[in-house]
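A look at the structure
Single-letter residue listing:
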Amino acid sequence: MALSSRSKTEFMITIEHLSHIYPGTRKTPPRKALEDLSLDVRQGEFCILSGPNGSGKSTLFRILCGMVLPSAGKITIGGHDLFAAPAEARRLMSVVFQSPAVDKHLTVAENLRLHADLYGIGGAAFNERLDEAIGWTKIKDRLDEKVDTLSGGLARQVELAKCLLTRPQILLLDEPTTGLDPASRRDFVHTLQELQGQRRMTVLMTSHVFSEAETADRVAIMKGGRLLALDTPQTLRAGLGREMVVVKTRHPEDLEKRILAEMGWHTRRHGDELRLPETENGAGLPILERMLELYRDDIESISIKQPELEDVFIHLTGRTAQEIESETLEGVAP
Amino acid sequence: MMRVAFALARREFVRFMRQPQRVIGTVAQPVLFWLFLGSGFSSSFRAPGMENVSYLEYFYPGVMLMMMLFASIFSSITIIEDRDAGFLQSVLVAPVPRLAIVLGKVFGGTAIALVQTIIFTLAAPFLGLSLGIGTLAMLMAAFVLTSMGFAAMGFFFAWSMRSTAGFHAIMMVFLMPLWMLSGALFPIEQAPFWLHALMTINPVAHALVLLRDPFYLTPSQMLADQRYLVALAVTLAWTGLCLAGSMRRVEKRERGVKSAG
């Protein structure tokens, strides 16, 4: 990618040739976390950063919010060099961390006011911005309650409201939905996207939940400190060039055995759903027709399924879901 | 910058007041120490040059020092808690001067110590100690200065700690001995040679002079007393050093190394 030849103004975040090596200690060798990573996020884009544990996404996140200085490379935030002019760059950003950054002993209002004070937003300006920051939330009637008493989903809303007070152009979020139940998780991402649209924010969020990545404008997939792919979810899925036939049936166990015995196909069972082996694009239809011919009476519904982002992820990183969980980067010998 | 520091300090204070068990614990423990040890040792205690001073009275400024030490320890532990909880990260990424982050904690710890020591000062008349306006003002100034010193010292140690267990070790082998060897429990003069030496170089011993003298001397006597002035200079110096050291620690950002080789 020839970054320098592109116009920089359409990018809100430009990361160029970023490398990071954690210093070693007496007992552990230095560890390479990022290697020559270049990535840019366009203005107004919702970009999700995903990768297995140890892929470097957390390191990248910490560097982006200015907490860690990298070994090499350059980051430009809204035209400001993050390392040369951190104060200007910080003013454009708001950060939601994985662990809750609200004080649970304080009330919602106290938390918001404290955050405003940190960003030098006083009295009149605070009151003016309060409405726009919490107008969308369910916490606007619970301002005087301690954060302690709120549910996980609502506490996350306080977190997001707090960030909106500073009218950020860029919102960075690190696994913001960790610890939320699926409904709250969906709510959070949905709300986030609405807010992003209304306020024209650029959002960069790390996530390991693939359903969240499906809703992003672009998804970056990292592994071993390198960027493996950066594209729209649709393009990523299409790039895999595979599909599979999925059958719904009342008696999945029976059908599974019969398909294996009669056709020799190994199916995978997901609840009442049977997934036939993956095929090249276009090869699914003949299989579907053959299935209907043979098992019509047992089939409730049948379809050809395009791969999901998770499949793309597994394909690109070469890791199964279990391995993704346990994977870490290997140390670099000193 | 002060606005940020005060906003952070207010948070510390509000948090403290909302945890009644902490309020009770930090006030009651030193008072119990004072009453039990003070009453128990009273019959056997004779300090040279302070023959008509009861142990309850001798130990009184020492308990004030202890309150400041405890307040500092508790506010330092909140640094570790804040880091764990994620609150600290959000303060660190905010465009605020790093000194404001240190001062926020230090002022918060100081305010908590002040509430306790001021309440405790109400016991002075019962010991037959009287305070004029001038001496009261100097006592308050000593409260503020010493509390800040302790809070900054706690901050300095707690900043790099990742667990409260680690901080407990620092507290037991370093902070508590500083208090024990300050002259709070027993006078420097009577101690064996090696202990005497340790106590003389202990900066906290000088803070105790600032706390004890207002009960026995007038402001003009204090300001004319070389011992008091030295104590003031030493206390100012360690408070300043701890603040500067803490700020350096907060300013230091983690940095990647150039090569793995």
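Residues numbered from 1 in each chain as written. Chains lettered and ligands numbered in written order. Predicted model: local features only at pLDDT ≥ 70, side-chain atom pairs only at ≥ 80, totals over all residues. Heavy atoms only, no water.

A few points about the layout of surface pockets
All names here are of chain B.
- Roughly 850 Å³ of volume is contained in the largest pocket.
- Forming the boundary of the largest pocket are 25 residues, of which Arg83, Trp159, Arg162, Lys252 and Glu254 lie nearest the centre.
- Among the residues making up the lining of the largest pocket, the classes are represented as 10 nonpolar, three polar and 12 charged.
- As a volume, the second largest pocket reaches approximately 560 Å³.
- The wall of the second largest pocket is formed by 25 residues, among which Ile188, Glu189, Val209, Arg212 and Arg227 lie closest to the centre.
- For the lining of the second largest pocket, the secondary structure elements donating two or more residues are helix H7 (164–184), helix H8 (193–201), helix H9 (203–212) and helix H11 (226–251).
- With five residues, H9 is the largest single contributor of residues to the lining of the second largest pocket.
- In terms of residue class, the lining of the second largest pocket is built from 15 nonpolar, six polar and four charged. (1 Å grid on protein atoms, 1.4 Å probe; cavity = no way out; pocket = protein on both sides within 12 Å on 5 of 7 lines; lining within 4 Å. Points joined across faces, edges and corners; volume = space filled by probe spheres on them. Nonpolar A, V, L, I, M, F, W, Y, C, P; charged D, E, K, R; others polar. Helix = DSSP H or I, 4+ residues; strand = E, 2+ residues; numbered from the N terminus.)

Describing the interface of chain B and chain A
- Listed by partner, the interface residues are 32 residues for chain B and 40 residues for chain A.
- Taking both partners together, chain B and chain A bury about 3,200 Å²; carbon and sulfur atoms supply 57% of that area.
- Sorting the residues of chain B by area buried against chain A places B:Val93, B:Arg253 and B:Glu254 first, and these three jointly supply 22% of that buried surface.
- Our count for the contact surface shared by chain B and chain A stands at six salt bridges.
- The interface formed by chain B and chain A contains 12 residue pairs in polar contact (both at pLDDT 80 or more).
- Secondary-structure elements contributing two or more residues to the side of chain B that touches chain A are helix H1 (2–17), helix H3 (55–85), helix H4 (87–92) and strand E1 (254–255) of chain B.
- Looking at which element gives the most residues to the side of chain B that touches chain A, the answer is H1(B), with eight residues.
- For the side of chain B that touches chain A, the per-class residue count stands at 14 nonpolar, seven polar and 11 charged.
- In the sheet, strand E4 (residues 68–69) of chain A pairs with E1(B) via two bridges, with the strands oriented parallel. (Contact = heavy atoms within 4.5 Å. Buried area = accessible area lost by both parts, 1.4 Å probe. Salt bridge = Lys/Arg side-chain N within 4 Å of Asp/Glu carboxyl O. Polar contact = N/O pair within 3.5 Å; in protein donor to acceptor, adjacent residues only side chain to side chain. Pairing = 2+ DSSP bridges.)

What about the domain arrangement of chain A?
- If you check the domain split of chain A, you get domain 1 (3–237) and domain 2 (241–306).
- In this structure, domain 1 of chain A and domain 2 of chain A have C-alpha centres spaced 41 Å apart. (Domains from an automatic or database assignment.)

Here we look at unusual backbone geometry
Residues and elements named next belong to chain A.
- For His17, which is not glycine, the phi torsion reads 45° and is therefore positive.
- Tracing the backbone shows His17 in strand E1 (residues 11–22).
- The phi torsion at Arg200 lies on the positive side, around 50°, for a residue other than glycine.

A closer look at the packing of aromatic side chains
All names here are of chain B.
- One pass over the structure, following the stated rule, counts 16 aromatic pairs over all chains.
- An angle of 75° between the planes, with centres 5.4 Å apart, marks the rings of Phe41 and Tyr55 as edge-to-face. On the criterion of sequence distance, the pair formed by Phe41 in helix H2 (residues 20–41) and Tyr55 in helix H3 is long-range, its members being 14 residues apart.
- Ring plane angle 20° and centroid distance 5.6 Å describe the contact between Tyr55 and Phe59, whose orientation is recorded as stacked. Of this pair, Tyr55 and Phe59 both sit in helix H3, four residues apart, roughly one helical turn.
- For Phe59, a relative accessible area of 0% translates into the label buried.
- Of the aromatic side chains, those joined through ring pairs into one cluster are Phe41, Phe45, Tyr55, Tyr58, Phe59 and Trp179. (Phe/Tyr/Trp six-rings, centres within 6.5 Å; stacked < 30°, edge-to-face > 60°. Buried < 20%, exposed > 50% of the residue type's maximum accessible area, 1.4 Å probe, protein only.)

Here's the deal with the pattern of salt bridges
- As enumerated under the stated definition, the model contains 32 salt bridges over all chains in all.
- Notably, a salt bridge pairs A:Glu278 with A:Arg242, separated by 2.6 Å at the nearest N-O pair. Separated by 36 residues along the polypeptide, A:Glu278 in the loop between strand E14 (273–275) and strand E15 (279–280) and A:Arg242 in strand E12 (residues 242–249) bring together distant segments of the chain.
- Looking at A:Arg242, the relative accessible area reads 24%, which means it is partly exposed.
- Taking the shortest distance from any N to any O, the salt bridge between B:Arg227 and B:Asp213 comes out at 3.1 Å. One end of the pair, B:Arg227, is in helix H11; the other, B:Asp213, is in the loop between H9 and helix H10 (219–224), and 14 residues separate them in sequence.
- Taken together, the salt bridges that share partners define one network made up of A:Asp103, B:Arg11, B:Glu12, B:Arg15, B:Glu81, B:Asp82 and B:Lys105.

What to know about the sheet that holds strand E10 (residues 218–223) of chain A
Residues and elements named next belong to chain A.
- Taken in spatial order, the six strands line up as E7-E8-E9-E3-E10-E11 in an open sheet, and their pairing is mixed. Across the chains shown, the open sheet's two edge strands, defined by having one partner strand only, are strand E7 (93–96) and strand E11 (226–231). When the angles between neighbouring strand axes are averaged without regard to direction, this sheet yields 15°.
- Examined bridge by bridge, E7 and strand E8 (residues 170–174) share four bridges and lie parallel to one another. (Axes fitted to C-alpha atoms, helices over the stretch in contact; angles between N-to-C directions.)

Some words on empty space enclosed by the protein
Residues and elements named next belong to chain B.
- Taken as a whole and judged by the stated rule, the model has three cavities of 30 Å³ or more.
- Counted as a void, the largest cavity has a volume near 100 Å³.
- Lining the largest cavity are 13 residues, with Leu8, Glu12, Asp82, Ile101 and Lys105 sitting closest to its centre.
- Among the secondary structure elements, those contributing two or more residues to the lining of the largest cavity are H1, H3, H4 and helix H5 (98–121).
- Each residue belonging to the lining of the largest cavity can be placed in one class, and the counts come to eight nonpolar, one polar and four charged.

Considering the environment of B:Ile201
Residue and element names in this part refer to chain B.
- Among the structural elements, Ile201 can be located in helix H8.
- On the basis of relative accessibility, which here comes to 68%, the residue Ile201 falls in the exposed class.
- In this structure, the C-alpha to C-alpha distance between Ile201 and Ser259, residues 58 residues apart in sequence, is 44 Å.

Some details on the environment of B:Leu243
Residues and elements named next belong to chain B.
- Within the fold, Leu243 resides in helix H11.
- Each C-alpha atom of the pair Leu243 and Ala152 lies 5.4 Å from the other, and the pair is 91 residues apart in sequence.
- Ignoring sequence-local partners within four residues, the contact set of Leu243 consists of Val102, Leu103, Val106, Met148 and Ala152.

Looking at a nonpolar patch on the surface
- Where nonpolar side chains cluster on the molecular surface, the patch consists of B:Phe193, B:Trp194, B:Leu198 and B:Ile201 and spans about 550 Å² of accessible area.
- Judged by its relative accessible area of 37%, B:Leu198 is partly exposed. (Patch = residues over 30% accessible without salt bridge, like charges linked within 9 Å, V, L, I, M, F, W, Y side chains within 5 Å. Areas by Shrake-Rupley, 256 points an atom, 1.4 Å probe, with all protein chains shown as cover.)

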